[in-house]
Amino acid sequence: PGYATFEVRPRPGGSIRRASLTLRSPHGPIEVEWAVGSEGTADDLELRVVVPAGTEATIVLPDDTTHIAGPGDHGFRAPTAPR
């Protein structure tokens, strides 16, 4: 309840090469933005997630790796598909 925990699971595909979202939660804004193929990364996904204080995020990347992220600004890079 109240977004104390949440999951981010980007699944880029087709012509969608970037997306961003800000969700207002009781703990503060949850921010997610991702892009494919930026900054010379070929078809890798670059993901940024801002996790508000008092919350925890489970990040599941397109290559099926999972990370737990506490409060703060986090960056991830991963292939767009399992290798």
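So, here's what we can say about the structure. These numbers were taken from a predicted model, which means no experiment stands behind them.

What counts, and at which threshold
- Residues numbered from 1 in each chain as written.
- Predicted model: local features only at pLDDT ≥ 70, side-chain atom pairs only at ≥ 80, totals over all residues.
- Heavy atoms only, no water.
- Helix = DSSP H or I, 4+ residues; strand = E, 2+ residues; numbered from the N terminus.
- Rg over C-alpha atoms; globule rule 2.2 N^0.38 Å.
- Buried < 20%, exposed > 50% of the residue type's maximum accessible area, 1.4 Å probe, protein only.
- Contact = heavy atoms within 4.5 Å.
- Pairing = 2+ DSSP bridges.

Considerations on the overall build of the protein
Then, number 1: If you tally the helices and strands in the protein, you get 0 helices and 7 strands.
Then, number 2: Along the protein, from the amino end to the carboxyl end, the secondary structure elements read β-β-β-β-β-β-β.
Then, number 3: Relative to the compact-globule value of 12 Å for 83 residues, the protein shows a C-alpha radius of gyration of 13 Å, a close match.
Then, number 4: Over its C-alpha atoms, taken along the principal directions, the protein stretches across nearly 35 × 20 × 20 Å.
Then, number 5: Considering the protein as a whole, with its 83 residues, one finds that 37% of them fall into the buried category.
Then, number 6: Considering only residue pairs separated by 6 or more positions, the protein has 41% of its internal contacts joining residues 24 or more positions apart.

Re the pairing of strand β4 (residues 45–51)
Then, number 1: Of all 7 residues in β4, 6 are buried, a share of seventy percent or more.
Then, number 2: When strand β3 (residues 28–36) meets β4, the two strands line up antiparallel, connected through 6 bridges. Looking at the pairing, Val36 lines up with Leu45 of β4.

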